[in-house]
Amino acid sequence: MDIQLPGIDGYETTRRIRAAPGGTNIPIIALTSYAMTGDRERALAAGCTGYVEKPINPDTILDEIRKFIR
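Since the model is a prediction, treat every value here as computed from it, not as a measurement.

1. Describing the overall build of the chain
Step number 1: Scanning the chain for helices and strands turns up three helices and two strands.
Step number 2: From first element to last, N terminus to C terminus, the chain shows the α and β order α-β-α-β-α.
Step number 3: Compactness check: the chain gives a C-alpha radius of gyration of 12 Å against a globular reference of 11 Å for 70 residues, within 12% of the reference.
Step number 4: Principal axes of the C-alpha set define a box for the chain whose edges measure 30 × 30 × 20 Å.
Step number 5: Taken across its 70 residues, the chain has 30% of its residues classed as buried.
Step number 6: For the chain, contacts bridging at least 24 residues in sequence account for 34% of all contacts bridging at least 6.
Step number 7: Roughly 4700 Å² of accessible area belongs to the chain as shown, and the carbon and sulfur atoms make up 57% of that amount.

Here it is, written out as structure tokens:
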């Protein structure tokens, strides 16, 4: 989930997915350039199950994805 989306941000999009039927079972990894203190916590509080900062390290994103597809 990109956090900086036009019109509706990734936090709100994640909250809406979580509120939808079956939405609680979908892994959502925040992918963002927001890397300040509290940004990770804000994404997790919105319902994201993971968090990766940009620029992305390919190994990091793959490790994060693997956590949720086992």
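That shown, we press on.
2. Remarks on a nonpolar patch on the surface
Step number 1: Among the surface-exposed residues, Leu 62, Ile 65 and Ile 69 lie close enough to one another that they form a single nonpolar patch of about 270 Å² accessible area.
Step number 2: As for its position among the elements, Ile 65 is in helix α3 (residues 58–69).
Step number 3: Its relative accessible area of 33% is what places Ile 65 among the partly exposed residues.

3. Describing the pairing of strand β2 (residues 50–53)
Step number 1: Pairing analysis gives four bridges linking strand β1 (residues 29–32) to β2, with the strands arranged parallel. In the sheet register, Thr 32 faces β2, and the bridge partner there is Glu 53.

4. Description of the nonpolar core
Step number 1: Ile 3, Tyr 11, Ile 28, Ala 30, Ala 43, Ala 46, Cys 48 and Tyr 51 together form the largest nonpolar core, which totals eight residues.
Step number 2: Excluding residues within four positions of it along the chain, Ala 30 makes contact with Met 1, Ile 3, Ala 43, Cys 48, Gly 50, Tyr 51 and Val 52.

5. Considerations on the side chain of Thr 13
Step number 1: Mapped onto the fold, Thr 13 is located in helix α1 (residues 10–19).
Step number 2: Apart from residues lying up to four places away in sequence, Thr 13 is in contact with Met 1, Leu 5 and Ile 8.

The rules behind each value
Residues take numbers from 1 onward in each chain, read along the sequence in its written order. Per-residue local features are limited, in this predicted model, to residues with pLDDT of at least 70; the limit for side-chain atom pairs, both in listing and counting, is 80 or more; totals at the level of whole chains, interfaces and linings are taken over all residues. Hydrogens and water molecules were not included; the side-chain quantities draw on all heavy atoms of the structure. In DSSP terms, a helix is any run of H or I states spanning at least four residues, a strand is any run of E spanning at least two, and both are numbered starting from the N terminus. Note that the radius of gyration is over C-alpha atoms, with the globule rule given as 2.2 Å times the number of residues to the power 0.38. Summary of the burial criterion: residues with accessible area below 20% of their type's maximum are buried, those above 50% are exposed, and those between are partly exposed, where the area comes from a 1.4 Å probe applied to protein chains only. The contact criterion used is simple: two residues touch if any of their non-hydrogen atoms lie within 4.5 Å. All accessible-area figures derive from a Shrake-Rupley calculation using a 1.4 Å probe, and residue coverage is judged against the displayed protein chains alone. Residues enter patches when they are more than 30% accessible in relative terms and free of salt bridges; like-charged ones are connected within 9 Å and nonpolar ones (Val, Leu, Ile, Met, Phe, Trp, Tyr) within 5 Å. Salt-bridge detection follows one rule: a side-chain nitrogen of Lys or Arg within 4 Å of a carboxyl oxygen of Asp or Glu. Strands were regarded as paired on the criterion that DSSP finds at least two bridges between them. Grouping buried Ala, Val, Leu, Ile, Met, Phe, Trp, Tyr and Cys residues that are joined through side-chain atoms within 4.5 Å yields what is termed a nonpolar core.

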